[in-house]
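Chain by chain, the residues run as shown.
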Amino acid sequence: MSIVTRGFRGRREGADDRLPPGQYLTHDFPVLSAGPTPVVSRDEWTFTVRSEGGERRTWSWAELTALPVEEVTVDIHCVTRWSRLDTVWRGVSLDALLEDVESAADFALVHSHGGYTTNLPLEDLLDGQAWIAFEHDGDDLSPEHGGPARLLVPHLYFWKSAKWVSGIDLLVQDEPGFWEQLGYHDYGDPWREQRYQGD
Amino acid sequence: MLVERHPETAAASTLVLRVADWPGHLAGQHVDVRLTAEDGYQAVRSYSLAAPADGDQVEVTVQRTDGGEVSPFLADDLADGDAVEVRGPLGGWFVWRPETPGPVLLVAAGSGVVPLMAMVRARAGASRAPFRLVHSVRTPDDRIYGAELRRRVAEDAGLDVTWIYTRKAPDEDRRGTGRLQPEDLAAHGWPPDFEPTCYVCGPTGFVEAAAAMLLAAGHDPDRVRTERFGG
Amino acid sequence: MAGATYDGNLLAGPLAEVFAAEVTVAHARCAGCGRDSVVAELAVYGPDPGLVARCPGCSDVLLRLVRTPDATWLDLRGTAALRLPT
């Protein structure tokens, strides 16, 4: 049983109907990291999709940025309770990357440089819901925020938007990622407050 | 439960908490303080204990972090009689025991001095081990425990304290300003062949730099203990 | 290790909920590179979404700890052995 400390509210400013339950609005961009920041140059950067049959498709930086680049303005919600509204990103839609990949998989396990992983249903990466993003608010994405490129899946808690993304495995069976192995939710919908398993 | 609070500097305050059945602690140990809001929201932070226990009363010194969620609340808003949850004492590595022989070198930046002050206070009357403290602060106004340390130095030949100023130094300070340098530790620390136990505490960058200086000067890695608190 | 926000001293409280012994004074052997480190000197990232303790040598993960509202999750797969002084 916890003792309530009188007057303690935590950091909860301004209710806003664009804020999911339990979130507070922030204007800075907190950096959360589970390890050292990988140093990856655009020259050596690649992105690899591996299908459930083991077939691989790899894009270089030049090949990625030759695809149609979209600019999106989205709200992002971190499971540690901060949210930022109207963040602007430029990147390539996952639709453009996955359209040529033959797959009957239902799940995706996203991999990053440095060993981070996160899982989500494949359908949440499609239909204009996810991007490989390399610019944020008009600048190249900085290494601390995942540069050269990160996944952007803004409709799920932000730990799904893997920094330093290096590839995606398409899987028939769901496989938990770095935080999902330790009690975090496999889906992570901020509007249903799916922070932890069982939520 | 908070029983007393007094300011140390403009940005740091000492809180005296009464904790039922407190078992006592070693200098250098910390507590985890957990705050729970009425809606169940919780935040936990670690704070070093600043002094030996006085019965069931313990002291922590909290440095306010601008925009922080917990430290401004503890430093400014928590009122006498308000309850917080305290877990501890915690940690068994970054500790000093009065029965430990040999000289001690304490190196701190900012509020990293808090667990080292607990060692200075625990030593008084309990050990004759010579202590040297090198404390890096931004300005003279940021010397947490400054008055008490000057008093203790004046009364005790076994304690030396040196302040290193990074932004603004007192006029009479001939070193001037600047980050901690190997020469500062050579001049105000102990030579490695005295085999001091070294305790380094502060923000991560400071701790790594200071520990690297001590190792480069020849101190045995087994006698250099560090505690990082972010930043 | 450059970049880590904290060190293993921060693990004392969370691990005290799990273990009877004071684990930050234990030695942990990295399953990746074999290096022996005192738990208090591991490179620790976090505390949110969880605590991640890495080897100061090779930066492999030795320990992960997450507290949910009703459980503590502890993953030690990167720790080949824990040696506790008795």
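Per an unreviewed UniProt entry, chain C is named Hydrogenase maturation nickel metallochaperone HypA, and its organism is Nocardioides guangzhouensis.

Per an unreviewed UniProt entry, chain A goes by Sulfite oxidase-like oxidoreductase and derives from Nocardioides guangzhouensis.

Caption draft 1: Representation of the overall build of chain A. Each helix and strand in chain A was counted, giving two helices and eleven strands. The N-to-C order of helical and strand elements in chain A reads β-β-β-α-β-β-α-β-β-β-β-β-β. Rg of the C-alpha trace for chain A: 17 Å, near the compact-globule value of 16 Å for 199 residues, within the 12% margin. Expressed along its principal axes, the backbone C-alpha trace of chain A runs to roughly 55 × 35 × 30 Å.

Caption draft 2: Spatial organisation of the pairing of strand β4 (residues 69–77) of chain A. Residue and element names in this part refer to chain A. With eight bridges connecting them, β4 and strand β5 (residues 82–93) associate as antiparallel partners. Following the sheet pairing, V72 is matched in β5 by W89. Between β4 and β5, which pair antiparallel and follow one another directly, the connecting turn spans four residues, one of which, R81, has a positive phi of 95 degrees.

Caption draft 3: Just the interface of chain C and chain A, in detail. Between chain C and chain A, the residue contacts involve 17 residues of the former and 15 residues of the latter. Elements that contribute at least two residues to the side of chain C that touches chain A include exactly β5 (51–54), β6 (61–68) and β7 (71–75) of chain C. Counted by class, the side of chain C that touches chain A contains nine nonpolar, four polar and four charged residues.

So, how was this worked out
Residues numbered from 1 in each chain as written. Chains lettered and ligands numbered in written order. Predicted model: local features only at pLDDT ≥ 70, side-chain atom pairs only at ≥ 80, totals over all residues. Helix = DSSP H or I, 4+ residues; strand = E, 2+ residues; numbered from the N terminus. Rg over C-alpha atoms; globule rule 2.2 N^0.38 Å. Pairing = 2+ DSSP bridges. Contact = placed C-beta atoms within 7 Å. Nonpolar A, V, L, I, M, F, W, Y, C, P; charged D, E, K, R; others polar.

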